[in-house]
Amino acid sequence: MKGKLLIVGFGPGSAEHITKRAKDAIGESDTIIGYKTYVDLISELITDQEMVSTGMSEEVTRAQAAVRFAEKGKKVAVISSGDAGVYGMAGLIYEVLAEKGWKEESGIEVEVIPGISAIQSCASLLGAPVMHDACTISLSDHLTPWAIIEKRLEAAGMGDFVVALYNPKSGRRTKQIAEAQRTLLQYRSPETPVGLVKSAYRDTEKVVLTTLANMLEHEIGMLTTVLIGNSSTFLHDGKMITPRGYRRKYTLHQEEQALRPHERLRPENEPWALHEGKEEKGLGAKKQDSSLQIVMEALEKLGEPKQAQYILHPQIESIFELAVSPGVANKKFTPKQMILLAELAGDSGTIEYTPHHHILLKIPTGNPENVTAALTEAGFLLAPVGDVAQLKACDFCDGEKQDAIPYAEEIQRKIGGSEMPKELKIGLNGCGMACYGAVHEDIGLVFRTGKFDLFLGGKTVGRTAHPGQPVAEGIEPERIVEVIERIVGEYQANAHPNERFYKYFKRVQKVQGFWHSDSAPAIELEPAPCGE
Ligand code: SAH
């Protein structure tokens, strides 16, 4: 009986991602050789085969054993995760056979069965990061000198390859990944998207999206593959995407394309291609030009500086949402500010007036920092949207009743925009008229005769809306910022997610020493003459 070597890549580790041929090969084998963890992963497929997994941590020993068993007439399945030909057992088996003078015609039969390698399985979980030229680099320097691995990292960086790092880190090899990061940062932006995939398609799978600059802040181990984007890889809605090429010869949101199919291939539309009859190289003539410089040069030749920017700052447009107002106390927009809002929103953005005296902007942009910088420069007060603390002050009678403005500004500085369990509105009005409705907010402050009255737990909207309860009268101004900070801090730390302040107040009955009226009667308010 003639033996056979079946060298099987079983894919990332789930039963659905093993090929049919791999399953059949395991089924038809008499003996299975592989790491214990691998054997466990394919345990469903094992019937009555002899298992050889223990006592052979050395891959060479396993390869030799496999050949020996096959020579004795066994059908031996040697299993590797992923693809057996990618840092797997296939090469070693052939090395052992070659050493023995094996020939396909006369020797034992060998079949290498391909599997889905980590670069592919991990890429699928991240989106489509490996859409362009990519390479795999193993950071294991047990059998390869580190100096060579470093050269490969350099070359990958220089050539703008998408990089999949295999064997990135183990208990003893911890410095290699940091060195790899350092090398690639010489060629690539710190913002380059990076995907970390641990145990793809296994029960303990974990996927993290990060950047080249921050990747070391996350867990990376023996079972992780690190996928590093090229200079045009971008993130969209949690997906890592590498475009098919450097120049968008297509416009995704238009049906009619600027370049018709035959035009796309003209030399003037691809000055970087190797055209028939072209003598000088034109681009990248200087040998030391980096691939990024070459791409930039080419795009500039095409008169596409915007594209060049896209290449350098790999970001795609998304809708940037924020709220703006002219100031804490100031309620007047200048014409210049209005023009800036219009310019920033452009044709596709929106400008919306909210019930909270805010202008809500939705701006499609790949560069939110530029938007916030322009708005800040124009004197706008910016506020994030969502479940954050928001100060709603009055206009202090156009600044005439200005004594409370510094307190409003300090509260805004310390608390405004902080994340909360649910949106939290703090109203601050500068006199007893409270005409901007501070007492109807979650937390209300009314400045009157040099001191603050405090209202807690207003229900701001709905048919059961009600004002806040007066809980203190005449708080000294120098204490007020701290009092508010403590109340907000307690709510932030202890409220349930989505629990609005009035509900929290009712549930706990006492916030920072201020009682809910269910437990103690609300304080009697001193009647105040209009406007005081
Ligand atoms: N033959 C395998 C690679 C073996 S080298 C293949 O083609 O995929 C071992 C390395 O592969 C690990 O350090 C890790 O970087 C990667 N790897 C293998 N399986 C993986 C999985 N399910 N998820 C993430 N990375 C994996």
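The rules behind the values
Residues numbered from 1 in each chain as written. Predicted model: local features only at pLDDT ≥ 70, side-chain atom pairs only at ≥ 80, totals over all residues. Heavy atoms only, no water. Helix = DSSP H or I, 4+ residues; strand = E, 2+ residues; numbered from the N terminus. Buried < 20%, exposed > 50% of the residue type's maximum accessible area, 1.4 Å probe, protein only. Core = buried A, V, L, I, M, F, W, Y, C linked by side-chain atoms within 4.5 Å. Contact = heavy atoms within 4.5 Å. Polar contact = N/O pair within 3.5 Å; in protein donor to acceptor, adjacent residues only side chain to side chain. Axes fitted to C-alpha atoms, helices over the stretch in contact; angles between N-to-C directions. Parallel < 35°, antiparallel > 145°, perpendicular 65-115°, else oblique. Nonpolar A, V, L, I, M, F, W, Y, C, P; charged D, E, K, R; others polar. Near = heavy atom within 4 Å. Areas by Shrake-Rupley, 256 points an atom, 1.4 Å probe, with all protein chains shown as cover. Pairing = 2+ DSSP bridges. Right-handed = clockwise from strand over helix to strand, strands pointing away. Phe/Tyr/Trp six-rings, centres within 6.5 Å; stacked < 30°, edge-to-face > 60°. Lys NZ or Arg CZ within 6 Å of the ring centre and 35° of its normal.

Let us look at the overall build of the protein chain. When you go through the protein chain residue by residue, the secondary structure sums to 15 helices and 24 strands. Taking all 532 residues of the protein chain together, the buried fraction comes to 45%.

Now for the nonpolar core. If you look at the biggest cluster of nonpolar residues, it comprises 38 residues, and the most contacted ones within it are I443, L454 and I484. Residue contributions to this core peak at 7 residues, all from helix α14 (residues 477–494). Aside from chain neighbours lying at most four places away, what touches L454 is I443, G444, L445, Q469, P470, V471, A472, I475, V483, I484, I487 and F514. The next biggest cluster of nonpolar side chains, apart from the first, holds 21 residues, and it includes I33, A66, A84 and M89.

Positionally, D83 belongs in the loop between β4 (75–80) and α4 (90–99). Here the side chain of D83 touches G85 through a polar contact of 2.5 Å, landing on its backbone nitrogen.

The next point concerns the packing of α14 against helix α15 (residues 501–508). Interaxial distance between α14 and α15 falls to 11 Å at its minimum, and their mutual angle equals 85°. In terms of orientation, α14 lies roughly perpendicular with respect to α15. Residue-level inspection shows I487, E490, Y491 and N494 of α14 in contact with α15, the latter providing F501, Y504, R507 and V508. Of the residues contributing to the contact of α14 with α15, the split by class is 5 nonpolar, 1 polar and 2 charged.

On to the site of the ligand, then. Near the ligand lie 20 residues; those nearest to it are V86, S117, M222, T224 and T225. Here a nitrogen atom of the ligand and a backbone polar atom of S81 are 2.8 Å apart. A distance of 2.8 Å separates a nitrogen atom of the ligand from a polar backbone atom of A200. Alone, the ligand offers 540 Å² of accessible surface; in the complex the protein occludes 94% of this. Contributions of two or more residues to the shell around the ligand are made by α5 (118–126) and β11 (224–228). When grouped by side-chain class, the residues that make up the shell around the ligand number 11 nonpolar, 7 polar and 2 charged.

All right, on to the pairing of strand β8 (residues 162–166) then. In terms of residue burial, β8 counts as a mostly covered element, since 5 of its 5 residues are buried. Because side chains alternate across β8, one face comprises the buried residues V162, A164 and Y166, and the other comprises V163 and L165, equally buried. Relative to β8, strand β7 (residues 134–138) is paired through 5 bridges, and the arrangement is parallel. If you follow T136 over to β8, its bridge partner there is A164. A crossover connection joins β7 to the parallel β8 through helix α6 (residues 146–158); in handedness this β-α-β unit is right-handed. As defined by bridge partners, β8 adjoins β11 across 3 bridges and the pair is classed as antiparallel. Its bridge partner being in β11, V163 is matched across the sheet by I228.

A sheet is described by the order of its strands in space; here 5 strands give the open sequence β7-β8-β11-β9-β10, paired in mixed fashion. Each edge of the open sheet is held by one strand with a lone partner, namely β7 and β10 (206–211). On average, adjacent strands in this sheet sit at an angle of 20° to one another, irrespective of strand direction. Sitting on the sheet, α5 touches β7, β8, β9 (193–198), β10 and β11, and the angle it makes with β11 is about 70°. Against the sheet, α6 contacts β7 and β8, and its axis sits at roughly 160° relative to β7.

Glancing now at the packing of aromatic side chains. One pair of aromatic rings is described through two measures. These are the centre distance and the angle between the planes. Inspection of the entire model under this criterion finds 11 aromatic pairs. Residues Y35 and Y38 carry aromatic rings whose centres are separated by 5.2 Å and whose planes lie at 80° to one another, so their mutual orientation is edge-to-face. Taking relative accessible area as the criterion, Y35 reaches 31% and is therefore assigned partly exposed. Given the relative accessible area of 18%, Y38 is considered buried. Joined through ring pairs, the aromatic side chains of Y491, F501, Y504 and F505 make up one cluster. The aromatic ring of Y35 is capped on one face by R62, whose charged end is 4.2 Å from the ring centroid.

Its identity as a non-glycine residue notwithstanding, N498 has a phi of 70°, on the positive side. Mapping N498 onto the fold places it in the loop between α14 and α15. Phi at Q512 is positive, roughly 50°, even though this residue is not glycine. When you line up the elements, Q512 lands in the loop between β23 (510–511) and β24 (514–515).

The next subject is the sheet that holds strand β17 (residues 381–383). Whenever strands of a sheet pair, they do so through backbone hydrogen bonds, lying parallel or antiparallel. Strand order across the open sheet formed by 4 strands is β15-β16-β14-β17, with antiparallel pairing between neighbours. Every other strand in the sheet has two partners, leaving β15 (350–353) and β17 as the edge strands with one partner each. The average undirected angle you get between the axes of adjacent strands in this sheet is 30°. Packed onto the sheet, helix α11 (residues 335–345) meets β14 (318–325), β15 and β16 (359–365) and runs at close to 40° relative to β16. Strands in contact with helix α12 (residues 368–377) are β14, β16 and β17; relative to β14, the strand with the most contacts, it is inclined by about 15°.

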